[in-house]
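Chain by chain, the residues run as shown.
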Amino acid sequence: MTIKRVWFAAVVSLVTQGSHAADYTIHAFKKIQLTDKFWAEGVAIDDIDRDGHTDLISGPYWYEGPDFRKRHQFYPATQTFLRRGANGKPQVIRGFEGALGKKTSYSNNFFTFVYDLNRDGWPDILTIGFPGTAAIWYENPGNEGLKSGALWNAHVAFDTVDNESPTFADLLGDGRPVLLCMSGGFIGYAAPDPDNPTNKWFSRPTVGGSSRLQWSVTPCGGFTNSPSTWEAPKSRSMGARRCTPMTSTETACPM
């Protein structure tokens with residue numbers, strides 16, 4: 001290849017690269033700070049007031065979409081900590097000690113899920129706190145209750161959720177999510193009674209495991225904690241069955 005041909009190939013390559021780069025668009029995200037206080041480890045989204053806009057739930061507050069400027073308290077926000085100001089005097093700061101404090105702490109709200117648990121057409125809020133504490137759901141008071149700003153009625157769903165990564169998902173494939181978690185040294189699920197939603201949820205322990213276990217729900221129905229995969233029960237009266245890992249994307253379960 002001659003020098004001219006090498007130069008021509010280099011120019012074509014640069015032109016081609018430039019045209020490809022022009023095909024990409026950078027989509028910028030807008031950052032909205034809900035609060036500078038630390039109330040929760042995570043958030044959830046849903047249309048809490050059914051106005052057609054997605055709202056955001058974090059800690060004891062839900063924030064109205066679409067701009068998330070207006071917030072409403074649905075359970076008591078009483079946590080505070082002390083911080084010394086520049087003048088050396090103690091200051092009372094609302095929330096849990098985090099970025100505004102001298103040390104990092106945990107909140108009492110690790111996970112939040114939204115689902116219409118009492119089937120009245122209004123989305124309720126399920127919260128799970130520090131490992132070893134209860135799962136509590138808060139009953140959406142509906143249109144008039146939301147307008148009044150009153151705190152929501154709280155119901156204990158499940159007494160003890162031990163692990164750090166519980167989830168609320170349609171494990172059984174019947175369209176009704178259940179709480180998949182560790183409790184008392186067992187992996188299992190807890191589900192509400194659809195006819196008596198304010199009662200404590202019945203639980204179904206399935207397999208033993210570590211209280212710090214982490215897992216994910218599989219697309220084919222079941223859950224996995226490496227190196228094992230567990231097939232979801234066929235009904236709410238059955239326990240899970242162990243599966244043998246085959247590949248990263250499929251498993252074979254004994255019948």
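Up top you'll find the structure we're talking about.
Residues numbered from 1 in each chain as written. Predicted model: local features only at pLDDT ≥ 70, side-chain atom pairs only at ≥ 80, totals over all residues. Heavy atoms only, no water.

Visitor: Quick one: what's the story with the overall build of the chain, residue by residue and with numbers?
Guide: Scanning the chain from terminus to terminus reveals two helices and 19 strands. Counting over 255 residues, the chain shows a buried share of 38%. Within the chain, contacts between residues at least 6 apart in sequence are counted, and of these 38% link residues at least 24 apart. Taken as a whole, the chain presents about 15,200 Å² of accessible surface, with 54% of it coming from carbon and sulfur. (Helix = DSSP H or I, 4+ residues; strand = E, 2+ residues; numbered from the N terminus. Buried < 20%, exposed > 50% of the residue type's maximum accessible area, 1.4 Å probe, protein only. Contact = heavy atoms within 4.5 Å. Areas by Shrake-Rupley, 256 points an atom, 1.4 Å probe, with all protein chains shown as cover.)

Visitor: Give me the side chain of asparagine 163: which residues, what numbers.
Guide: Within the secondary structure, asparagine 163 sits in the loop between strand 10 (153-161) and strand 11 (167-169). On the basis of relative accessibility, which here comes to 2%, the residue asparagine 163 falls in the buried class. A polar side-chain atom of asparagine 163 sits 3.4 Å from the main-chain carbonyl oxygen of serine 165. (Polar contact = N/O pair within 3.5 Å; in protein donor to acceptor, adjacent residues only side chain to side chain.)

Visitor: Pulling in residues and values, what's your account of the pairing of strand 9 (residues 133-139)?
Guide: As defined by bridge partners, strand 8 (residues 124-128) adjoins strand 9 across four bridges and the pair is classed as antiparallel. Within the sheet, the bridge partner assigned to isoleucine 128 lies in strand 9 and is alanine 135. Here strand 8 hands over to strand 9 after four residues, with glycine 132 in that stretch at a positive phi of 100°. Note: strand 9 against strand 10, six bridges, orientation antiparallel. Counted as the bridge partner of alanine 135 is phenylalanine 158 from strand 10. (Pairing = 2+ DSSP bridges.)

Visitor: Describe the packing of aromatic side chains, and please don't skip the residues or the numbers.
Guide: The description of an aromatic ring pair rests on the distance of the ring centres and on the angle between the ring planes. All told, the structure shown has 15 aromatic pairs when counted by the stated rule. Plain terms: the ring middles of phenylalanine 38 and phenylalanine 96 are 6.4 Å apart, the flat faces sit at 65° to each other, and that makes the pair edge-to-face. You can see phenylalanine 38 sitting in the loop between helix 1 (3-22) and strand 1 (44-46) and its partner phenylalanine 96 sitting in the loop between strand 6 (90-94) and strand 7 (111-115), a full 58 residues away along the chain. With a relative accessible area of 10%, phenylalanine 96 lands in the buried category. (Phe/Tyr/Trp six-rings, centres within 6.5 Å; stacked < 30°, edge-to-face > 60°.)

Visitor: Tell me about the pattern of salt bridges, residues and numbers included.
Guide: Per the stated rule, a full pass over the model turns up four salt bridges. The closest approach of N and O atoms between aspartate 174 and arginine 176, which form a salt bridge, is 3.3 Å. (Salt bridge = Lys/Arg side-chain N within 4 Å of Asp/Glu carboxyl O.)

Visitor: So what's going on with the nonpolar core? Residues and values would help.
Guide: With 14 residues, the main nonpolar core has Leu126, Ala135, Phe158, Val161, Phe168, Leu179 and Trp201 as its most contacted residues. Of all elements in the fold, only strand 8, strand 9, strand 10 and strand 12 (178-183) reach the threshold of two or more residues within this core. A per-element tally of this core places strand 10 first, with three residues. Ignoring sequence-local partners within four residues, the contact set of alanine 135 consists of Leu126, Thr127, Ile128, His155, Val156, Ala157, Phe158, Val161 and Leu179. Residues Ile57, Phe74, Tyr138 and Leu146 belong to the second largest nonpolar core, which totals twelve residues. (Core = buried A, V, L, I, M, F, W, Y, C linked by side-chain atoms within 4.5 Å.)

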